[in-house]
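Here is what each chain is made of, one letter per residue.
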Amino acid sequence: MKKICFFLIMLLFFMLQATLFQPFRVFGVKPDLLLLSAVSAGLLFDLKWALFFGIIAGFLKDILGVQDFAFNVAFFSLWSYVSHLVSRKVHLDNELFAAIFVCVVAFAHIGISRIVFTFLGITTGSTGVFARTLLLEPLYTALFLPPAYRVFARLT
Amino acid sequence: MFKLKDKRIAYAAICIVIVFAVFLSTPALRTPFLDSFRYPFSILAFIRREVSAFVFFHRNYVQKERLQKENDLLKTKLELADEAYRENARLKDILDLKQQSTFRMVAARVIARSPDNWSSAVMLDKGKSHGIRKGMAVVTFAGLAGKVTEASERSSKAMLINDPNLGVSAVIKRSRQEGLVCGTLGSTLVMRYLTKESDIQVSDTVITSGLTPVFPKGFMIGTVVAIGEEFSGLSRYALVKPAVDLSALEEVLIIVK
């Protein structure tokens, strides 16, 4: 039941991000609720389910993206795995620490995606757009962690 | 740190990632998933539209008043343009010129947007069953909006012109100066490969040149808002404000023929 609830919330996040979040863009940047789900899965579940939800979150993000390969599937499952490892070593019950952790993960994800996309010849906008996204998206995503994490923790 | 059981799970996860990678790279497998999200997305898009209509009631009212006046003015202009069009048609007949073919278009509604910040794409509620195919141009009444990059049976995905991966061959309407318009993910587009001597001014209109086979000639792209020199110093670029409000795109037309 816990897992089904988590899955449904993740689906809801996916649909919110693809539709209702459009007007809430700050300087053209919107939070990555699916990355938030992948990290939360790592913090809340055992490794098997953390990886499963990481893969699903990545799949949902990839299916509406423009690139034809599973970049997010690979990296979201990695972030779920890293979150799971970190949650075993460090207690992340404090929302502030969890938010900082999400911020770091989002920062790393954006940096790596830029490198991978550049390497693969996929254009991702100017350096200014990249810098703006790199600075704003992790903060914006982390801002959503406390309410999202509470919802996840309560329902799961 | 890494137990045997954990290793097995990690291996299994890697295998699943590979399977998904293959899955996502194969349009025939990927498109049914796009279709399955069509109805939930349509419902959410409808809610968003209704909520914003309610919240922005006053703004919409003022806008309606302004548009009403503009509409009256345009009706008058249209009458004059219609007269000119008829005259033009008569002259063309006289000159025995081949009449320009009209496009067949399909109207579609935007039901979702790309969830990441690296691309600018929208999901449309019409697909192959409505005659939509990959590569078709997406326009609005204001001008060019993008092109279809993926089409499933009842939905499709379109890349917008502000995506950096989309290049459109364009000309300055006034001086016929050619260039390539690319997206920046921001509020403006950039027109590149303009020679240093190019005749281009702020507020010039940029239209499609027809050299990119996907985009028919003459579609409005936007207006020049700034001109600059490339870092190399060999050519210039122009920043173009798109004619279409890409952030508030709700309905589009797809040129199917």
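Cut-offs used in this document
- Residues numbered from 1 in each chain as written.
- Chains lettered and ligands numbered in written order.
- Predicted model: local features only at pLDDT ≥ 70, side-chain atom pairs only at ≥ 80, totals over all residues.
- Heavy atoms only, no water.
- Core = buried A, V, L, I, M, F, W, Y, C linked by side-chain atoms within 4.5 Å.
- Buried < 20%, exposed > 50% of the residue type's maximum accessible area, 1.4 Å probe, protein only.
- Helix = DSSP H or I, 4+ residues; strand = E, 2+ residues; numbered from the N terminus.
- Contact = heavy atoms within 4.5 Å.
- Pairing = 2+ DSSP bridges.
- Salt bridge = Lys/Arg side-chain N within 4 Å of Asp/Glu carboxyl O.
- 1 Å grid on protein atoms, 1.4 Å probe; cavity = no way out; pocket = protein on both sides within 12 Å on 5 of 7 lines; lining within 4 Å.
- Points joined across faces, edges and corners; volume = space filled by probe spheres on them.
- Nonpolar A, V, L, I, M, F, W, Y, C, P; charged D, E, K, R; others polar.

Draft legend 1. Structural detail: the nonpolar core. Membership of the largest hydrophobic core comes to 66 residues, with the highest contact counts inside it found for Phe14(A), Leu64(A) and Phe41(B). Counting residues per element, this core draws most heavily on helix α3 (residues 47-64) of chain A, at 10 residues. Those residues in contact with Phe14(A) that lie beyond four places of it in its chain are Leu34(A), Leu60(A), Ile63(A), Leu64(A), Phe37(B) and Phe41(B).

Draft legend 2. The arrangement of the pairing of strand β9 (residues 205-208) of chain B in detail. Residue and element names in this part refer to chain B. Relative to β9, strand β6 (residues 167-172) is paired through three bridges, and the arrangement is antiparallel. Paired with Ala 170 across the strands is Thr 208, a residue of β9. Pairing of β9 with strand β10 (residues 220-229) involves three bridges; the strand directions are antiparallel. By the bridge assignment for β10, Val 206 is matched with Gly 222.

Draft legend 3. Just the pattern of salt bridges, in detail. Residues and elements named next belong to chain B. This model, assessed by the stated rule, comprises seven salt bridges over all chains. Glu 150 is the partner of Lys 157 in a salt bridge, and the nearest nitrogen-oxygen pair spans 3.4 Å. Within the structure, one salt-bridge network assembled from shared partners comprises Arg 174, Asp 199 and Asp 204.

Draft legend 4. Spatial organisation of the pairing of strand β4 (residues 144-151) of chain B. Residues and elements named next belong to chain B. Most of β4 is tucked away, with seven of its eight residues classed as buried. The pairing of strand β3 (residues 137-139) with β4 spans three bridges and is antiparallel. Bridge pairing in β4 links Val 139 to Leu 144. Connecting the antiparallel pair β3 and β4 is a turn made up of four residues, with Gly 143 showing a positive phi of about 155°. Both β4 and strand β5 (residues 156-160) contribute to a ladder of five bridges, which runs antiparallel. Bridge pairing links Val 148 to Ala 158 in β5. Counting the residues in the hairpin turn of β4 and β5 gives four residues.

Draft legend 5. Looking closely at empty space enclosed by the protein. Counted by the stated rule, this structure contains four cavities of 30 Å³ or more. Roughly 100 Å³ of volume is contained in the largest cavity. Lining the largest cavity we find Ala18(A), Thr19(A), Gln22(A), Ala45(B), Arg48(B), Arg49(B), Val110(B), Ile111(B), Ala112(B), Arg113(B), Leu249(B) and Glu250(B). Among the elements of the structure, α3 (38-55) and β1 (105-113) of chain B are those that each provide at least two residues to the lining of the largest cavity. Considering every element that reaches the lining of the largest cavity, the biggest residue donor is β1(B), with four residues. Each pocket or cavity is described by its volume, and for the second largest cavity that value is around 50 Å³. As for the second largest cavity, its lining consists of Gln17(A), Lys30(A), Pro31(A), Asp32(A), Lys61(A), His109(A), Ile110(A), Glu137(A), Pro115(B), Asp116(B), Asn117(B) and Trp118(B). For the lining of the second largest cavity, the class distribution of residues is four nonpolar, three polar and five charged.

By themselves, these observations are geometric and do not establish any function.
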